[in-house]
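Okay, here's what each chain looks like letter by letter:
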Amino acid sequence: MNNGINIEVNGKKLEAKEGETILSALKRSGINVPTLCHMEGLKPSGACRICVVDVEGFPNLVPSCSYPVAKDMKIKTHSPRAVQARKTIIELLCANHPDDCLYCERNDNCDLSRLAVEYGVRQRRYAGERNRFPLDVSSPSLVRDPEKCILCGKCVRVCEEVQGVAAIDFIRRGSRTTVGCAFEQNLNVSSCINCGQCIMVCPTGALREKSHLKEVIEALNNPEKFVIVQHAPSISVTLAEEFGMSAGYDVAGTMTAALRRLGFDRVFDTSFSADLTIMEEASELVHRIQTGGTLPLLTSCSPGWVKFVEEFYPDFIGNLSSCKSPQQMLGAIIKHVFAKNEGIDPKNIFSVSIMPCTAKKFEAKRPELGVDGISDIDAVLTTRELARLIKQYGLDLNVLEPEAPDTPFGTRSTAGKLFGATGGVMEAAVRTAHYFITGKELDNLRIQPLRGLSGIKEAKINIEGLEIKVAVVSGLGNARALLDDIRAGKRDYHFIEVMTCPGGCIAGGGQPHGTNLDAVRARMQALYNIDQRETVRASHNNTMVQQLYEKFLEKPLSEKSHHLLHTHYSKREVLV
Amino acid sequence: MTVNSSQISGPISQTPNVDLILGKYVDAHRDKLIPILQEVQEMDGYLSRDAVIKIGKHLKLPTGKIYGVATFYNQFRFQSIGKYHILICRGTACHVKGSAAVLKALQRELKIEAGQTTRDGLFSLEVVACIGACGLAPVINVNGEFYGNLTVDKIPKILNQYRNKEKENKDGKNN
Amino acid sequence: MEKTIDTPNQDSKEQESHHGNKNILGFVPGKFKNPLMDRIRKNSLFVSIPGIDMDDPLSLFSALRREKVSRPVIYIGAGTCGLGAGAGKTLQAVRSYLDEKKIEAEVLEVGCIGLCSAEPLMEVQLPGKCRLSFQYVTGEKVKGLLDALFAGNVPYENLLGQHRQAGMEAWPKTPFLDEHPFFGPQTRWVLANCGIIDPTSIDEYIAHGGYQAFVKTIYSLTPAELCDTVEKSGLRGRGGGGFPTGKKWKFALNTPSDRKYMVCNADEGDPGAFMDRAVIEGDPHRVLEGLAIAAYGIGASRAYIYIRAEYPLAIERLKIAIAQAKEYGFLGENILDSGFSLEVLIKQGAGAFVCGEETALMQSIEGKRGMPRPRPPFPAVSGLFGKPTVINNVETLANIPSILDRGPEAFNSIGTKNSKGTKVFALSGKVSRTGLVEVKMGTTVKEIVFDIGGGIPGGLQFKGVQIGGPSGGCIPQSHILIEVDYESLKTVGAMMGSGGLVVMDEKTCMVDIAKFFMDFIQRESCGKCIPCREGTRRMLEILQAITRSRRNENKFDTLERFKGILNLEQLASVIKDTSLCGLGQSAPNPVLSTLKWFRDEYEAHIFERRCPAGACTELLNYSIDTAKCTGCTACSRKCPTQAIIGNPKTPHYIIPGKCIGCGTCVDTCRFDAVVAA
């Protein structure tokens, strides 16, 4: 059955699908037309006009992102008229853009700069007034630079339509338009949850993370400081992309080597504390189920999600697991267990974490997360920042020999590693919960319904007659839908894993720019491959975790565990 | 159009007018946003920060959205207007007949720009795109009263009318 | 101007077809609410006139039409423009006069009579005589005028003319209005009732034949037949787009949906346009009737009237009209037992010209920022709240009742090949007679400006007429014979627009006009798409650079000015080609149009740094005529750069190097001593 439509593009016949846009047909055929405001999966905005193409019989150029294909359409994607139009649009954007490309954070991958090169913009044709706006550096995670904003609207849409937060919106109109928070207040008093998804979609340097490289380099250069680094599960399967290697290529070994060369005294793995988190959280789940505690239990390792609950769904605060996130748990363990064992004054330890996440920078500064007045984590660097640091030190991941991480906190099970993808925390938790309840290992450790990039996944796990209903959500727009249903009594679960970023940490706000779904899939597959080929696949089987309990914590949910590894939350009074 | 930083922190103050208006819109959806904003401004003279927050809560919309919509439209003010609010028409017919000079004269006399209020709170100036009284161009409207066929020298006279009225009222009060 | 009205003859069959008033009652025997009858009987001011039977509808309607009056009727043109000219004081003066002299008369506030430059306008109808029309009737003139009139004399001082009324005695030596150069050439179909009826009276509207078309339609036409009728008439959108109305309705009619919407676009944002305002203020029921018929035609159950907040009087009139229509059963559930239900709601605009654009208008109704949406999907398929929606301009809808009353052929028979019917224009600017003008399509611009408008006052030369507001272009002297027609206007780089016509003379600078419109567009641009938001900004800067004086320029401005000129046309073509909505697509029109016809003016500005019209103040050289200067020092005190020197009582001098060309001294000087050339 052929319901294809025949069109002609640049003189060649093409088959397009009924109802699809011109852009979609062009993409499938490998013809590239630039876009600036287009967002895959969302309704076309039609704002930037740079995707315009020349269609025979139409008086004006046609926006390919929003116009549907029609039978016998004759399209020219690069006619002089279309090219001239695109060039002019780029020139107009440049006319209202600051001139500091050399100093700009995005100077190596800015969309506007790339387009200017592609379309041969080599002179400042329009020298006129430029808009002036103040920098917003109030947030611990993000920096907003509205002067570089080209008003494509993608940040507004991702914040509202994907994340369900809507902390920022357009203000005023015409040339005086800007993107900002209500009353043009600073980001840190708004409802922003620090997830950084806006950074991921921003085509220019208007949005970027708050950099903590300075602090880290200072600590590295300070002989009195014992600098420890931990890296999140998704970092090792992503970092390679910043060095020209393919997505999903696992560079855990060479990254460890690089980190040592940078001067870190110990290289630990957040996957270790992910296992630790599972021990605590699975215990918490079993405890709540068996004693009629507050259900559903909601995971709390995603700081954007936790802030989201505190702001929008404070009635669910009691459902959140009291467990700290793996980053924070390891931070506490380092400052209070490792320090003691090694005889180091915790005040001399500078604990750094490498995260795919900008909200982790906010999390590290949460006042309730320090223990005995000492903060768990001192600085958080994103994947992007780490790549810059490695390059600054002249290290080449292609050349270094892989090295093993430091013990004891560099040892991990693959369950901990799965934390990087959406569904991973749930899979790890189920493997251990099963063991805690039955004393036996799950027959098939791989729980397929929890895998994949779907925004909402559900499963019913049967543990010797006890049916546990679980859900996995990524992207907070989906979380809203789920929570609203639960509030209305339409759905109920025992345990829900929520990750702020759609797809999980592998697509976090601190990862390499862009929303390349193929790269995300490759990173996810790499994690699954690791899980497939290694032997220690459950958190409770992590020998170092076992040792930690034996020697120090006693057992999950013990008083020592609570003191170091658990926290509390509170309602946030912000303008939502 | 930014709000005073001193207004940022602190609890939401009493807004009896807004509550009254919102009380009429039970179960309202987003399509009632602009009418509500218009009614609130009608009553209070402008949109206060607290009004915007309350409206957002009532319609279950993010505050940023309410602010974004309100700042898009010319009609909405975030600062109170003067006792005598002057609208000057800058439509085509008025322009051709010399409204630009009238605007400059007003700005000169009042020492304020369009969109501002005089320090003594007496006058505020707003530019409108077209009042629709093109036959009488150039036109201004002060609190509903039209003044057409204007020339620059008529402006001080018109303004003094109101200034004198104020003086009389003040003297009347003092006596 | 007015169609001749025969004396009502109750026996005449021809009477029935002429007004068909009996038919309203005939269509819904017994079920039709007739508060009309009760209302009129209760109205104590209605004194029985010999020969008129208060129980007979025809008689009643004739009385309402004031064909015969038993006591004087005084009409005051109290539209916004009238009130602005002082009609309020006129009204007060009339009422006091009648009170004082204890004269029983009816005083009516009617809508815009049309000749706005002569306002306040007043009309007086004495029993048995033709109705007289007066101009410039300010409050102080009332007494003298009425004294003369009640004494049986015609006060010639303010006389405009008399209406031609068969059966009434004409006043001696008094010209007829249909011979007046302003009114004579007009074909007032849309404006038929404006200035004639009390706009707050649904009874009068019905008496003039109102709501017949609506009742006839919902009873004897299917929606498809109605759409065919409208298509046959050739009516095209009067908001500027010129899209065939019947065709638009059909798109919506043929899109299945559980709910559809009809919207009347009364945003009228074009500066210089006030046609829609006048129609709504003067004859709101006509618009309402057109809207209701349109809603029926597409199957809508709810209609919105989106009207700009800057029209408070029009909004007031609409509210009254809607309430009245509801009371009479023309709106609501199951209207007149036809099965058709309609609810009409008013939505006020909040000050955004871009909301006159269809998709931005819908965004605004939905409570969002008024930023246009990409099309497709088109509103007729997926519009308000995702449902099929048709948006029509006020004037388009105001044409509907008469198309159905007279039949589509009548409408189709006037106009040109592509543009049928009439068009209402708001004539303003440097022309002797300004106001509302309704002419057949095909009338020449020359006729409108010089015959109806009376040409350029002050002995100055005609330069051009701007048609279509900020989306349109100008027609120069060389093309003044062009016909008003959608397609013809496009051939000279202009467009019909909504109907704003602004006349310009030799003292108008076309570069300044282009700058003015570009400035307007920049303020009103929604900011969504790059070509409009950024492009018009740069175009404006180029125009500003051309009109800025050398004294205020920065170092590299001269170079930028030349670069700017080179870029202007190319930038304009990209903006036209790629903008998201009509606002952006037509934004460069005024610039391109003035460039086309007045290139010499641009060149004078660019190369000679001179403004030929003398309007760009910064390009003028200011000096003081020592012969006229009295040394009052007023100018030197006001000069913002202290560029004027001189001792009191001696002639002053302007220092060229310090002068920034603001023109303040010209405005200040009471002796015309400052010369700007």
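The structure under discussion appears in the preceding block.
This write-up is about the structure you can find in this document. The numbers attached to residues start from 1 for each chain and follow its sequence in the written order. Naming scheme: in the order in which they are written, chains are lettered from A and ligands are numbered from 1. Given that the model is predicted, a residue must reach a pLDDT of at least 70 before its local features are reported, and side-chain atom pairs must reach 80 or more before they are shown or counted; all residues, however, enter totals for whole chains, interfaces and linings. Hydrogens and waters are ignored; side-chain quantities use all the structure's heavy atoms.

## Focus: the overall build of chain A
Runs of E in the DSSP output that reach at least two residues are strands. Runs of H or I that reach at least four are helices, and both are numbered from the N terminus. Along the backbone of chain A there are 18 helices and 17 strands. In this setup the radius of gyration rests on C-alpha atoms only. A globule is expected at 2.2 Å times the number of residues raised to 0.38. Taken against the 2.2 N^0.38 rule, which gives 25 Å for 576 residues, the C-alpha radius of gyration of chain A at 25 Å falls within 12% of a compact globule. Dimensions of chain A, computed from the C-alpha atoms along their principal axes, are close to 75 × 60 × 50 Å. Each residue is placed in one exposure class: buried if its accessible area under a 1.4 Å probe, protein chains only, is under 20% of its type's maximum, exposed if it is over 50%, and partly exposed if it falls in between. Evaluated residue by residue, chain A yields a buried proportion of 62% over its 576 residues. Expressed as a percentage of contacts within chain A between residues at least 6 apart in sequence, the contacts between residues at least 24 apart total 74%. Pairs of residues are marked as contacts when any of their non-hydrogen atoms sit within 4.5 Å.

## Structural notes on the pattern of salt bridges
It is possible for side chains bearing opposite charge to pair when their charged atoms get close. Residues and elements named next belong to chain C. By convention in these notes, a salt bridge is any Lys or Arg side-chain nitrogen within 4 Å of a carboxyl oxygen on Asp or Glu. The full count for this structure, using the stated rule, is 94 salt bridges over all chains. One salt bridge in this structure joins Asp 283 and Arg 286, with 2.9 Å as the shortest N-O distance. Its relative accessible area of 0% is what places Asp 283 among the buried residues. Among the salt bridges present, the one from Glu 358 reaches Arg 375, with a minimum N-O distance of 3.3 Å. In this pair, Glu 358 is assigned in helix α15 (residues 358–365) and Arg 375 in the loop between α15 and β9 (389–393), connecting sequence segments 17 residues apart.

## Description of the sheet that holds strand β4 (residues 132–134) of chain C
All names here are of chain C. If DSSP finds at least two bridges between two strands, the strands pair. Within the open sheet, the five strands sit side by side as β2-β1-β3-β4-β5. Their pairing is mixed. This sheet does not close on itself; its edge strands, each paired only once, are β2 (106–110) and β5 (159–162). Across the sheet, the mean angle from the axis of one strand to that of its neighbour is 20°, orientation sign disregarded. Two strands pair when backbone bridges link them, and strand β1 (residues 73–77) and β2 are joined in this way by five bridges, in the parallel orientation. Its bridge partner lying in β2, Tyr 75 is registered against Leu 108. With respect to the sheet, helix α6 (residues 87–100) is in contact with β1, β2 and β3 (122–125), its orientation differing from that of β1 by roughly 165°. Between N-to-C directions, angles span 0 to 180 degrees; the directions come from axes that are lines fitted to C-alpha atoms, helices contributing only their stretch in contact. Where helix α7 (residues 141–150) meets the sheet, it contacts β1, β3 and β4, and its direction lies at approximately 20° from that of β3.

## Focus on the packing of helix α9 (residues 303–312) of chain A against helix α15 (residues 476–487) of chain A
All names here are of chain A. Look at α9 against α15: their axes get within 12 Å of each other, and the N-to-C directions meet at 45°. By the angle between their axes, α9 is oblique relative to α15. Relative to α15, α9 is oriented so that their crossing is right-handed. Along its contact with α9, which presents Gly 304, Trp 305, Phe 308 and Phe 312, the element α15 presents Leu 476, Ala 479, Arg 480, Leu 483 and Arg 487. Classification convention: Asp, Glu, Lys, Arg as charged; Ala, Val, Leu, Ile, Met, Phe, Trp, Tyr, Cys, Pro as nonpolar; all other residues, Gly among them, as polar. Within the contact of α9 with α15, the residues separate by chemical class into six nonpolar, one polar and two charged. Should an angle lie under 35 degrees it is considered roughly parallel, over 145 roughly antiparallel, and from 65 to 115 roughly perpendicular; all remaining angles are considered oblique. By definition, turning the near helix anticlockwise from the far helix through less than a right angle yields a left-handed crossing, and turning it clockwise yields a right-handed one.

## Notes on helix α3 (residues 49–59) of chain B
All names here are of chain B. For α3, a buried count of eight out of eleven residues is recorded, marking the element as mostly surrounded by other parts of the structure. For α3, every residue scored as buried is listed here: Arg 49, Asp 50, Ala 51, Val 52, Ile 53, Ile 55, Gly 56 and Leu 59. Against the buried residues of α3 lie α1 (16–24), α2 (33–44) and α4 (63–72). Looking at the residues trailing α3, positive phi occurs at Lys 60, about 55°.

## Overview of the sheet that holds strand β4 (residues 62–63) of chain A
All names here are of chain A. The sheet built from five strands is open, its strands ordered β2-β1-β5-β3-β4 with mixed pairing. Of all strands in the sheet, those bounded by a partner on one side alone are β2 (12–17) and β4. Two elements, strand β1 (residues 4–9) and strand β5 (residues 74–76), share two bridges in a ladder whose sense is parallel. What sits directly across from Val 9, in β5, is Ile 75.

## Re the pairing of β2(A)
Residue and element names in this part refer to chain A. Pairing of β1 with β2 involves six bridges; the strand directions are antiparallel. Along β2, the bridge assignment pairs Gly 4 with Lys 17. The hairpin turn running from β1 into β2, its antiparallel successor, is two residues long, and Asn 10 in that turn takes a positive phi close to 50°.

## With respect to the interface of chain B and chain A
Listed by partner, the interface residues are 18 residues for chain B and 14 residues for chain A. Around 1,500 Å² of area is buried between chain B and chain A when both sides are counted, 60% of it from carbon and sulfur atoms. Taken together, chain B and chain A are joined by two salt bridges. Note that Lys65(B) is salt-bridged to Glu160(A), the shortest N-O span being 2.9 Å. Under the rule applied, a polar contact is a pair of N or O atoms within 3.5 Å (in protein, one hydrogen donor and one hydrogen acceptor; residues adjacent in sequence only if both atoms are side-chain atoms). Put simply, chain B and chain A have six residue pairs in polar contact (both at pLDDT 80 or more) between them. Here the quantity called buried area is the total loss of accessible area, with a 1.4 Å probe, experienced by two parts when brought into contact, counted for both.

## Structural notes on empty space enclosed by the protein
Residues and elements named next belong to chain A. Using only the protein atoms, space was sampled on a 1 Å grid; points where a 1.4 Å probe fits but cannot get out form cavities, open sets with protein on both sides within 12 Å along at least five of seven lines form pockets, and lining residues are those with an atom within 4 Å of a point. Grid points are joined across faces, edges and corners, and a volume is the space filled by probe spheres set on the points. For the coordinates displayed, the defined rule picks out twelve cavities of 30 Å³ or more. Contributing to the lining of the largest cavity are 24 residues, with Cys 301, Ser 302, Pro 303, Lys 360 and Cys 505 lying nearest its centre. Listing elements by their share of the lining of the largest cavity, those giving two or more residues are α9, α10 (326–342) and α11 (359–364). A breakdown of the residues in the lining of the largest cavity according to their chemical character gives 15 nonpolar, eight polar and one charged.

## Comments concerning a positive patch on the surface
On the surface, Lys111(B), Arg637(C), Lys638(C) and Arg670(C) cluster together to form a positively charged patch. Within the fold, Lys111(B) resides in the loop between α6 (99–110) and β2 (123–128). Note on patches: the residues involved have over 30% relative accessible area and no salt bridge, like charges join within 9 Å, and the nonpolar side chains Val, Leu, Ile, Met, Phe, Trp and Tyr join within 5 Å. Only the protein chains shown count as covering a residue, and every accessible area follows the Shrake-Rupley method with a 1.4 Å probe. For the charge count, each Lys or Arg is scored as positive and each Asp or Glu as negative, with His and the chain ends excluded. To locate a charge, take NZ of a lysine, CZ of an arginine, CG of an aspartate or CD of a glutamate.

## Looking at the interface of chain B and chain C
With 35 residues of chain B in contact, the opposing surface of chain C contributes 50 residues. Note on chain B versus chain C: buried area summed over both sides is about 3,400 Å², and carbon and sulfur give 59% of it. The three residues of chain B that bury the most area against chain C are Phe72(B), Thr92(B) and Val96(B), which together make up 18% of that side's buried surface. Counting every contact that joins chain B to chain C gives zero salt bridges. Connecting chain B to chain C are 13 residue pairs in polar contact (both at pLDDT 80 or more). Mapped onto the side of chain B that touches chain C, the elements with two or more residues apiece are α2, α4, α5 (92–96) and α6 of chain B. In the side of chain B that touches chain C, the residues fall into 18 nonpolar, ten polar and seven charged.

## Notes on the nonpolar core
Residue types Ala, Val, Leu, Ile, Met, Phe, Trp, Tyr and Cys, when buried and joined through side-chain atoms within 4.5 Å, form a set referred to as a nonpolar core. Membership of the largest hydrophobic core comes to 96 residues, with the highest contact counts inside it found for Trp305(A), Ile496(A), Ile55(B) and Tyr73(B). Setting aside residues no more than four positions away along its own chain, Trp305(A) makes contact with Leu298(A), Thr299(A), Leu320(A), Leu476(A), Ala479(A), Leu483(A), Val498(A) and Thr500(A). Phe330(C), Leu336(C), Ala380(C) and Leu436(C) belong to the second-largest nonpolar core, a separate cluster that totals 76 residues.

## Examining the packing of α6(C) against α7(C)
Angle between the axes and distance between the axes: these two values describe a pair of packed helices. Residue and element names in this part refer to chain C. Direction vectors running N to C along α6 and α7 enclose 45°, while the axes themselves pass 10 Å from each other. Relative to α7, the element α6 is oriented oblique. As for how α6 packs across α7, the hand of that crossing is right-handed. Taking contact as the criterion, the partners of Thr 90, Ala 93, Val 94, Tyr 97 and Leu 98 in α6 are, on α7, Val 142, Lys 143, Leu 146, Asp 147 and Phe 150. Residues belonging to the contact of α6 with α7 are distributed by class as follows: seven nonpolar, one polar and two charged.

Honestly, it's all geometry; don't read function into it.
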